[in-house]
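Structural features, examined
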Amino acid sequence: MKHLLLIILVLILNVQNNLYANSSSNELTISINNKDQEKTINGIVTDENGLPLPGASIIEKGTLNGVVTDFNGNFSIKVANQNAIIEISFIGYKTQLVKASVASFKIQLLPDTTTLDEIVLIGYGSANRKDVTGSVVSISEKNMNEGAVTSPLQLISGKAAGVNITQTGSEPGSSPSVRIRGISSLIGGNDPLVVVDGIQGNMDLLNQIPPSEIISIDILKDASATAVYGSRGAPGVIIVSTKKNKVGRSTVEYIASSAIDFIPKKLDMLNANQWWEQAQLVGVPASANHGSNTDWYNILTRSGLTQNHTLAFGGGTDKFSYRASISAILQDGVVINSNNKKYIGRIQATQSALDDKLKLTFNLNSGITETKSSVQSIGRAAFTSNLISNAYVMRPTDPVFNSDGSYYTDPNVFQYLNPYAVSQTVTNEGQYDNLFGSLKADLELTKGLTVGWFGSWRKTNNTNGFYLPAVSTSSYAIDQNGYANINTNKQNEKLTNVSLTYKEIFGDHSINALVLYEWQNQTYQGNYAQARGFLNDIATYNALQLGDLSKVVPGDLSSYKNDRTLVSFLGRVNYSFLNKYLVTASLRRDGSSVFGANNKWGSFPSASVAWQIDQEPFMKNQKIFNHLKLRGGYGETGNQQGLYPQNSISLVGGAGVTYFGGSQITNFNVTQNANEDLRWETKKQTNVGVDFALLDNKLKGSIDVYTSTTDDLLFDYTVPQPPFPYGTIKANVGSILNEGIEIGLGYDLIKSDNTTLTLAGNVSFIRNEVLNLSGSINGVPLNTDYVSWGPNSYLIEGQPIGTFNILHHTGKDGVNSETVLDVDDNGIIDQGNESPDRLINGSALPTYTFAFNPTFQHKNLDVSMLWRGSGGNKIYNSIRSTLSYLENIGKSNVLESAVPLGLFNSKYGSDLWLEDGSFIRLENVTVGYNFNLENVKYIESVRLSFTGNNLLLITDYSGIDPELNLSGGNGFGGDNGIYPRTRSFSLGLNVKFK
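Residues numbered from 1 in each chain as written. Predicted model: local features only at pLDDT ≥ 70, side-chain atom pairs only at ≥ 80, totals over all residues. Heavy atoms only, no water.

What follows concerns the side chain of Asn732. Its place among the elements puts Asn732 in strand E36 (residues 728–751). A distance of 2.9 Å separates a polar atom in the side chain of Asn732 from the backbone oxygen of Asp712. (Helix = DSSP H or I, 4+ residues; strand = E, 2+ residues; numbered from the N terminus. Polar contact = N/O pair within 3.5 Å; in protein donor to acceptor, adjacent residues only side chain to side chain.)

The next subject is the environment of Pro836. Assignment of secondary structure puts Pro836 in the loop between strand E44 (818–820) and strand E45 (839–843). Through-space distance from the C-alpha of Pro836 to that of Arg767 is 26 Å; in sequence the pair is 69 residues apart. Excluding residues that lie within four positions of it along the chain, Pro836 makes contacts with Val823, Asp824 and Asp830. (Contact = heavy atoms within 4.5 Å.)

Let us now look at the sheet that holds strand E6 (residues 85–89). Taken in spatial order, the 4 strands line up as E4-E3-E6-E7 in an open sheet, and their pairing is antiparallel. Each of the sheet's edge strands pairs with one partner strand only, and the pair in question is strand E4 (66–68) and strand E7 (96–99). Between one strand axis and the next, the sheet turns through 20° on average, direction left out of account. Sheet analysis places strand E3 (residues 57–60) next to E6, joined by 4 bridges and oriented antiparallel. Note that in E6 the partner of Ser57 across the bridge is Ser89. (Pairing = 2+ DSSP bridges. Axes fitted to C-alpha atoms, helices over the stretch in contact; angles between N-to-C directions.)

Two descriptors summarise a pair of aromatic rings, namely the distance from one centre to the other and the angle between the planes of the rings. The full count for this structure, using the stated rule, is 24 aromatic pairs. When the ring of Tyr467 is compared with that of Phe534, the centres are 5.5 Å apart and the planes differ by 85°; the resulting orientation is edge-to-face. Of the two residues, Tyr467 sits in strand E25 (residues 449–468) while Phe534 sits in the loop between strand E27 (509–532) and strand E28 (557–577), which places them 67 residues apart along the sequence. Note on accessibility: Tyr467 and Phe534 belong to one class, buried. Within the aromatic cluster, the residues linked to one another by ring pairs are Phe262, Phe946 and Phe985. Here the guanidinium or amino end of Arg181 rests over the ring plane of Tyr706, the centre of that ring lying 4.1 Å away. (Phe/Tyr/Trp six-rings, centres within 6.5 Å; stacked < 30°, edge-to-face > 60°. Buried < 20%, exposed > 50% of the residue type's maximum accessible area, 1.4 Å probe, protein only. Lys NZ or Arg CZ within 6 Å of the ring centre and 35° of its normal.)

Using the criterion set out here, one finds 41 salt bridges in the structure. Residue Glu915 pairs with Arg880 through a salt bridge whose shortest N-O separation is 3.2 Å. Placement of Glu915 in strand E49 (residues 914–916) and of Arg880 in helix H10 (residues 878–882) is noted, with a sequence separation of 35 residues between them. (Salt bridge = Lys/Arg side-chain N within 4 Å of Asp/Glu carboxyl O.)

This next bit is on helix H5 (residues 272–281). Among the residues of H5, those classed as buried are Ala272, Trp275, Gln278 and Ala279. Within H5, the buried residues cover an arc of 135° as seen down the axis, which keeps them to one side. Of the exposed residues in H5, the ones pointing more than 90 degrees away from its buried face are Asn273 and Leu281. The inward-facing, buried residues of H5 contact helix H11 (898–901). Directly beyond the C-terminal end of H5, a positive phi value near 85° is found at Gly283. (Arc of directions from axis to C-beta.)

Let's shift gears to the sheet that holds strand E41 (residues 793–795). Ordered in space as E40-E41-E42-E45, the 4 strands form an open sheet in which the pairing is antiparallel. Each edge of the open sheet carries a strand with a single partner, namely strand E40 (787–790) and E45. Shown here is a sheet whose adjacent strand axes are inclined to one another by a mean of 45°, direction ignored. With 2 bridges connecting them, E41 and strand E42 (residues 803–806) associate as antiparallel partners. Among the inter-strand pairings, Tyr794 is bridged to a residue of E42, identified as Thr803.

In this section: the pairing of E25. In this structure, strand E24 (residues 427–446) lies alongside E25, joined through 19 bridges in antiparallel fashion. In the sheet register, Asp442 faces E25, and the bridge partner there is Gly452. Two successive antiparallel strands, E24 and E25, enclose a turn made up of 2 residues, where Gly448 displays a positive phi of approximately 85°. Here 20 bridges tie E25 to strand E26 (residues 483–506), and the two strands are oriented antiparallel to one another. Counterpart to Leu468 in the pairing with E26 is Tyr483.

When pLDDT is averaged along the protein chain, the result is 89, and 94% of the positions lie at 70 or above. The least confident element of the protein chain, judged by mean pLDDT, is helix H1 (residues 2–18) at 38; the most confident is E49 at 97. Note that pLDDT drops below 50 for residues 1–36; the model gives that stretch 75 contacts with residues more than four away or on any other chain. Considering only residues more than four positions removed or in separate chains, one finds that residues 113–117, a stretch of pLDDT under 50, has 8 contacts. (pLDDT = per-residue confidence, 0-100.)

Written out as structure tokens, the structure is:
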């Protein structure tokens, strides 16, 4: 109902204002009033469509005398005399120079495609690239990756130094993970804050935007830039701007792409003849050979298909404009019976009123996603993995079906699983509905002073259903006679803020000040139910009551509802002196309901400065630098991702049942310790950078050096019982260090009217260190070190997150069992976390990432290429370990490489399975051609493109793909098998109609 009222309000304003709509003149009109030598000039600045340009800069050339245009494009400026030159400029447009002696003339500010990228969103506002003092990267539509893109992050992969975007497998509906300047939290979360047209949210919000509707993405990297988001800005901020219609222009656009996906690589397993030959050598009885020749991997996979379709249209007058679109993203995965279908409808409208002093902007986005997923966790107790990894385990001599048509199982193999049966019989599906909208109002109170109001509302409703029938051959399903569950989660987010902005020029000084109040509330609600013991498989999870109710156990039913509220006050000032000395300072104060009773409020300051060195007099005669700016900043930001609404209080939960006096009584005990001092993590970051352009603007780039420390690290620390009633407590104790260097360069090797060849790239180096994990709470010491954090990786003070502390492989003994190094030579191999027999051997975190992006354009033809890679990390190849022991050959298959290795078994997890994770990938190659069809009646332009993705991978890693989970959370750094990473070829079409 509230969304409907917002739409009605906008429509009423549209109708009311359209009655007075009229087309504007394409002129800049200037009149001169003579009064001695001093001249007063009045004028109107318009854009390429003849519409007013509010905020355009009017400066008397050679002086600091200047003004800006109001909402109607009007200005008034006094100049020294009629010989003065007036410089008129606006971000994204070519600067115009006019003489004050001219009484009137016609002029038009035209777009400057070379400076459009200089518009940068900095959080609650925008700035010219030259005026930015923090570390901010802006990526416009023309520089984004093309192809059958299904996630906005794929658009910017490899485009920004220090922004690591990782795609693990190609499961339909899956999205890459993103880490900005490394891992700075353990359980607090490392996902950046996402802001879409002012609406704030998590990474899920980003995936609710169709990639084809994104016009630009700005990434705030350092704390001096992200501090405006206070207790949510520590992991970085991604700001997304969607496409809007130009005022006074009607548009219709169709964007489409279609891609075929292939699996470029699979593990080399023994075929049926090889398997039986090796099986006999280790004494496998003939009864284990069932005479088939089954390629289990082949029957579970296929070629995939990805389609994107977007139809958009827009129009309006000089007072009102709108853009509406509907998008479909359809994916059929390379694993059978896995697909994802996403449908998104959007509308954006802008209305001017009150003589253009009031500007209203409305956004509404609704999406529906339907998904069928491959089972991610299933299999034998000795090997639980995703469905496709289970195909590797299967013996090639096993048939798919029995002679009676039922799915084959082997009762002689413990927990035998037929993965093809699972793919055909298991139901694993979900539906995700989301709706969010916003309304923004900006009112010019007086010249330079604007009051703004913004409100947004976001709702999601996610339902997942799972049914595992006995016919699936899963031992658990057989034992339970079918198992089903249904899980529903709802989210309701409301946000509003009120701001006051003041912009003014005072002689040599200019100021842009912002004060803001913001309120946000998030409510979460969900329920879960499961049942087992079904008479038939007809209803799957849709009728849990058909299960055997006598088998219900504690935990089969659950529900929850909680909420969190954040209240914030923000002040920010951008100051400029002589247009070459720039200062930005901000202070945000947050109060959050999730913090402990003693720490509800926190303050997050930041300050940064910049020096436009090229504006200094001593730089005027030099011929090398066209632009040179030095930046420096410091800021403090917070992270409350890891805190949930009730983490700071003591909780009690069910603990089974007991019988007393002939009655069943539910037991309860403490499930969480209280911590009144619980607070956000604090990230303190210093950044020094330089931006430059030289050699007649042919070489452009930036270099940033930063160091950041996350203090008050959130972690679940082990505590003694007593005095604590529960064995762990969520507390702020430890700290983590990240420091690095980021370099981004672009060189125009060829630049002429018809041809350009640009070589661009970036590289970043990062060092991570766990500074400490010890401290105290309530006088009780917390000494936490050598915490297991993955397969043979640990959290160790003085080492990076995910450091491998592992036994060293030395060979095999007389019975082909693995031997490892006895470091302390005591005759005992200690496998404890702090064992003296373990040796530190690298980390799961890459120490460098890089990208190379050459682009070529000749007239209407363009070609682009993206190479991307990383290195300095290691991977524990768990799946290779599982598939390499010859003792397993009687009940499963093994790798071809297991035969020359000749390892029968092992009691250890050694560095034999630890491999270099470095790689270089040819991520993207696109060839496109633009057809200009101005003489065609109904079509303005057509673009055709052909894109290849993941065309080449150079790596020493023996697994499927070295690009694995790099989230930094518990369990990363190991390869337990992934959904296949695909190679794709896509054809793209973009048609603009008149």
